[in-house]
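A look at the structure
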Amino acid sequence: MNEPVQLLKGIFASIVLALNVMIATAVVLPLALVKLAFQFRPVRHVVDRLLNGVMTAWVGVNSGWIDAVTRARWDVSGLESLTPGGWYLVVSNHQSWVDILVLQKLFNRRIPPLKFFLKRELIYVPIIGLAWWALDFPFMQRRGGSSSRKDLERARLACEKFRVVPTSVINFLEGTRFTQAKHDTQASPYQHLLKPKVGGLATALTTMGDCFNALVDVTILYPEGPPAFWDLLSGQVREVVVRARRLPIPGEFVAGDYLADRGFRDRMQDWINQLWIAKDGQLGELKQAAASRA
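Notes on the structure follow.

1. Observations regarding the overall build of the protein chain
Helix and strand counts for the protein chain come out as 9 helices and 8 strands. Taken over C-alpha atoms, the radius of gyration comes to 19 Å for the protein chain, in line with the 19 Å a tight globule of 294 residues would show. The principal-axis extents of the C-alpha atoms in the protein chain amount to approximately 55 × 45 × 35 Å. Taken across its 294 residues, the protein chain has 52% of its residues classed as buried. Within the protein chain, residue pairs in contact and separated by at least 24 positions form 75% of the contacts whose partners lie at least 6 positions apart. Counting every atom, the protein chain has about 13800 Å² of accessible surface; 59% of that belongs to carbon and sulfur. For the protein chain, the separation between the mean place of its 35 positive charges and that of its 25 negative charges on side chains is 5 Å.

2. Thoughts on the sheet that holds strand β2 (residues 88-92)
The 6 strands are arranged β1-β8-β7-β2-β6-β3 in an open sheet whose pairing can be described as mixed. Two strands bound the open sheet, and with one partner strand each, they are β1 (73-77) and β3 (114-116). Each neighbouring strand pair of the sheet contributes to a mean axis angle of 25°, computed without reference to strand direction. Across 3 bridges, β3 lies against strand β6 (residues 168-172) in parallel orientation. Of the residues in β6, the one forming a bridge with K115 is V169. Each of β2 and β6 touches helix α7 (residues 199-208); the most contacted strand, β2, lies at about 170° to it.

3. Structural notes on the pairing of strand β8 (residues 239-247)
The two faces of a sheet get side chains in turn, since along a regular strand they alternate between them. Burial runs high along β8: 7 of the 9 residues are buried. Sheet topology note: the β1/β8 ladder contains 5 bridges and is parallel. Opposite W74, over in β8, you have V240 as the bridge partner. Pairing of strand β7 (residues 214-221) with β8 involves 7 bridges; the strand directions are antiparallel. When the bridges of β8 are listed, L215 appears paired with L247.

4. Here's the deal with empty space enclosed by the protein
The final tally for this structure, using the stated rule, is 2 cavities of 30 Å³ or more. Size it by volume and the largest cavity reaches roughly 80 Å³. The wall of the largest cavity is formed by 13 residues, among which D48, N52, K115, D136 and V165 lie closest to the centre. The element that contributes the greatest number of residues to the lining of the largest cavity is helix α2 (residues 41-69), accounting for 4 residues. Class assignment for the residues of the lining of the largest cavity results in 5 nonpolar, 2 polar and 6 charged.

Parameters and conventions
- Residues numbered from 1 in each chain as written.
- Predicted model: local features only at pLDDT ≥ 70, side-chain atom pairs only at ≥ 80, totals over all residues.
- Heavy atoms only, no water.
- Helix = DSSP H or I, 4+ residues; strand = E, 2+ residues; numbered from the N terminus.
- Rg over C-alpha atoms; globule rule 2.2 N^0.38 Å.
- Buried < 20%, exposed > 50% of the residue type's maximum accessible area, 1.4 Å probe, protein only.
- Contact = heavy atoms within 4.5 Å.
- Areas by Shrake-Rupley, 256 points an atom, 1.4 Å probe, with all protein chains shown as cover.
- Lys, Arg positive; Asp, Glu negative; His and termini not counted.
- Charge placed at Lys NZ, Arg CZ, Asp CG, Glu CD.
- Pairing = 2+ DSSP bridges.
- Axes fitted to C-alpha atoms, helices over the stretch in contact; angles between N-to-C directions.
- 1 Å grid on protein atoms, 1.4 Å probe; cavity = no way out; pocket = protein on both sides within 12 Å on 5 of 7 lines; lining within 4 Å.
- Points joined across faces, edges and corners; volume = space filled by probe spheres on them.
- Nonpolar A, V, L, I, M, F, W, Y, C, P; charged D, E, K, R; others polar.

Structural data, given as structure tokens:
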């Protein structure tokens, strides 16, 4: 694809995305004020369903411009057993900002809208930060120490709100996008992944684990390397590989004190480590398969 075409596609997609954000935010904020003013469960039930509808429509528009500018090969499996009326806890590796739009596109109308654990600094992003706040996205400091307890309390309060209507809570367990430099700094024991952070996941489980129908374990790969956001806007993403699997959530993790109970914490971390070992191996196989195709 030549550069002028890429530029035109990028401008078109940027304009559509900006308009989509502005229109969705204009609808979301009045609904958020209603939810703030009338703290009654019946009102919240109606308003949250309306907010989820706005988010679903927003994702639908984004999916439209992605399809319009990108001729990517989508290699996706594992979505068949999911339903839009369930509660799901979704975990995924994290390679790029593009991950968010890719996963929203693939899961849209298959499961309830995805609610992300976000870095607290993102609440200050103009317009989008306000929309995330209105939609009850959990914001985390991720600084360790006393901040960890505050983070888990924020996550607990957010997850309590998610009990009102069917919800999908997604957590990028690595806490940040994968880079080789971060991998080396961590001395990660995994070849293709950073170490998983389990605190937010534990809080979601212990707060509303009885609501979740299943854990959805997602592995995402861009065979040509993690794309920048402009690459998606300008149609330069050529292949996306996603594997999802629906897994039962062990009953022992639905209740417990992750911070205070050492044994509970160790068992949960071991469970996630086993998931991460399997994911690391799967990423290696997917990379090998992509290299063979190339």
